[in-house]
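Coordinate inspection notes
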Amino acid sequence: MQQLYTLKILLVDDNKELLQMIYNILIQAGFQNVTTASSCAQARQIFLRQPPDAAVLDIMLPDGDGFSLLQELQAQRDIPVLFLSAKDQDADRLQGLGLGADDYITKPFLPKELILRLTAVLRRTYRPILQEPKTEEETALGETIIHWGSGTITTANGQQTLTAKEFALLKKLWENQGNIVTTDSLCQAVWHDDAFGYENTLMVHIRRLREKIEPDPSHPQYLLTVRGLGYKLVRKASP
Amino acid sequence: MNSLYKIISRSVLMTSLIALLLLLMNFFFTLTWLQEHPQDYPMHYRAISDNLILENQQYHLTPEGMSQLQQEFDWAMLLDANGSIIWSWQLPESLHHDYTLNEVAAFSRWYLQDYPVTIWTREDGLLVLGNMQGSYWKYVLTAPTASMEQLPSYFRSFALLNAVTALLLALLFGVWLYNKLKPISKSITALSVRQPVHLPEKGITGDLNRKLNNASAMLIRQQQKLHQRDETRTRWISGVSHDIRTPLSIVMGYASQLEEDDSLTDQQHQQAVIIRQQSERIKALISDLNLASKLEYGAHPLSLIRFSPAVLIRKTAVAFLNQYQDNSYPIEVEISAEAEATQIVADELLLQRVFENLIGNSIRHNPNGCTIFIDARIVEQQYQITIRDDGKGFPDTVLHNLRTNTSLQQHQDHGLGLTIVQQIIKAHNGIVHFSNISQGGCLVGIQLPCTLD
């Protein structure tokens, strides 16, 4: 059993300064096993000596291109790969993803973005073998406590069960808490379809959800409507 | 069809005019000729006869008669009723004899031993006036009266036949010419829309065809060169923007790390934020420049899909709202039920870019905040989107540039983001209109066809 941050990451980029910076970013973010290579040849050597658990590849390398390196590496060991490239054409992105890359980040990028995408890919791939502290099982919205594990909520009035749709809605809103979520995204999360034709049904589910989590459902403090766009879940009660 | 009619009608008209002209010319020349030559024809035989007088049993020609005779004739004789010569003047030797009735009848109409003669009947005989052999041409016309009476109607039919033949020939010639010229006309039309042409270099228009072929080849070469240059430029811009990305990543990366460094003072922290924000601005500019050059030179093919613009509008608006949580840039979205139910075929990423550029433009140029309004509705089968704000509006120079120049090279002022909006909407066969609102703020109206052909 491993921790997420002990996974071995291989960085391949021909620009030494950039390589150094990404290395620093990953170390700062808590990754402990990061190796770097500035050419395909170096990458191959490292791959043989200490097989990584994930790789971040540049596309333009002095002795080859990232696309073929990806195919070569994945033929030996199926690991998640992220492309980090200065090529921002859709065609390149699609080629990268089509070859089986797990994500494609275009330069310039924010360190935060890289870390978020890398950890997301790692979690997805290594979930079964990762010993991770369970994600927040309970969330408090004022007086209301949401138990994610059981799909129930506790309020001053006692415990209530959420329907599957209500749970999906609340989860989507919670994942984006503080941000507006469009009606389209909510419908996508619940019915896997765009909003068209579902608005009224969505409104009904939101109303029921408010009846369960809001102290005063007709004056919502946590689940707010953004007219014409969607909904927003806030942690602190808005006046 | 129109040009065929034109060519043929002109040809017929011209032929008729030429025929008329020739007819008039001939008539005129005949008339002139007849007027200029009448004195050559001996016709004063009556005056001569009147001057031949019998005096004292002797015939005597007065001096006027003699000068007249000398002028017009070469010899003369007077025959009595029995055919004997009773007077003569310079009569050729071979004609010195009596004449029988038969001989007189014969020469009175034709020639006398090949001498052209003119006769005049007198009370005392027959005056015969002659010229040298071969000097005149005599012709006697005899025709049935009925035929002569039909002559005018024959003449009319004949003229009509002539006219019809001329017109028919003109028509045929017109059609022939049209057929010969049709490929040339077609080729010129093709050249005007930059289509290559190749004509056979034979026949009456061979030389012309060869020149057209040359022009076509030259045009294609030029087009290729132009295309090559555009491509080089696009590739160059793409290359430069590619090369900037890596160093910019490093700047952004470190600035962003500094931003999170708690040991920095507030001022330093703020400076790091500015570096990061400006780097992101450079990033946006590079990608705008790249996209603009690709759109300008047609190097960015549209990836068309069917989608709902309403969903895209909400998604884009929400992304901005989530980014500016302090509510300094509220966005009010109004989508009609019809627009909500309508999907269009377009390049979704590019259209998202349009909305991002317009909303981003409003935000960037109104640092003290403004409200942004987005309306979508269907008007006459067009998907109509209006994006406006209550900020300070477009500067006049920007509006002027947007309205007058559509080409990237002519853009002196900045406003790349708005140019891209123009290019994208144009690529979708849509219409975009930029204006300022009298109460303050700018307005951008976009119309997209609901179905893209």
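Residues numbered from 1 in each chain as written. Chains lettered and ligands numbered in written order. Predicted model: local features only at pLDDT ≥ 70, side-chain atom pairs only at ≥ 80, totals over all residues.

Thoughts on the sheet that holds strand S2 (residues 33-37) of chain A
Residues and elements named next belong to chain A. Across the sheet, five strands lie side by side as S2-S1-S3-S6-S7; this open sheet has parallel pairing. For this open sheet the edge positions go to S2 and strand S7 (103-106), each flanked by a neighbour on one side alone. Between one strand axis and the next, the sheet turns through 20 degrees on average, direction left out of account. Pairing of strand S3 (residues 54-57) with strand S6 (residues 81-85), which is carried by three bridges, proceeds in the parallel orientation. Across the sheet, the residue bridging to Leu57 is Phe83, located in S6. Against the sheet, helix H5 (residues 111-126) makes contact with S3, S6 and S7, and its axis sits at roughly 175 degrees relative to S7, the strand it touches most. (Pairing = 2+ DSSP bridges. Helix = DSSP H or I, 4+ residues; strand = E, 2+ residues; numbered from the N terminus. Axes fitted to C-alpha atoms, helices over the stretch in contact; angles between N-to-C directions. Contact = placed C-beta atoms within 7 Å.)

As for the interface of chain A and chain B
The interface of chain A with chain B comprises 25 residues on the first partner and 28 residues on the second. Broken down by secondary-structure element, the contributors of at least two residues to the side of chain A that touches chain B are helix H1 (16-29), H5 and strand S12 (180-182) of chain A. Here the side of chain A that touches chain B gets four residues from one element, more than from any other, and that element is H1 of chain A. Along the lines of polarity and charge, the residues of the side of chain A that touches chain B split into twelve nonpolar, five polar and eight charged. (Nonpolar A, V, L, I, M, F, W, Y, C, P; charged D, E, K, R; others polar.)

Comments concerning the packing of helix H5 (residues 145-192) of chain B against helix H6 (residues 206-259) of chain B
Residues and elements named next belong to chain B. At a closest axis distance of 11 Å, the pairing of H5 and H6 adopts a crossing angle of 10 degrees. Our classification of the angle between H5 and H6 gives roughly parallel. Once H5 is placed against H6, the crossing between them reads as left-handed. On H6, the residues that touch Ile184, Ser187 and Leu191 of H5 are Leu208, Asn209, Leu212, Ala215, Ser216 and Leu219. Partitioned by chemical class, the residues of the contact of H5 with H6 number six nonpolar, three polar and no charged. (Parallel < 35°, antiparallel > 145°, perpendicular 65-115°, else oblique. Left-handed = near helix turned anticlockwise from the far one by under 90°.)

Comments concerning the nonpolar core
Grouped together as the largest cluster of nonpolar side chains are 62 residues, with contacts concentrated most on Ile313, Ala317, Val354, Ile374 and Val421 of chain B. Excluding residues within four positions of it along the chain, Val354 of chain B makes contact with Val421, Ile424 and Ile425 of chain B. (Core = buried A, V, L, I, M, F, W, Y, C linked by C-beta atoms within 7 Å. Buried ≥ 20, exposed ≤ 12 C-beta atoms within 10 Å, placed from the backbone.)

With respect to the pairing of strand S14 (residues 230-233) of chain A
Residues and elements named next belong to chain A. Across three bridges, S12 lies against S14 in antiparallel orientation. In the sheet register, Thr182 faces S14, and the bridge partner there is Gly230. Between strand S13 (residues 223-226) and S14, which pair antiparallel and follow one another directly, the connecting turn spans three residues, one of which, Gly228, has a positive phi of 80 degrees.

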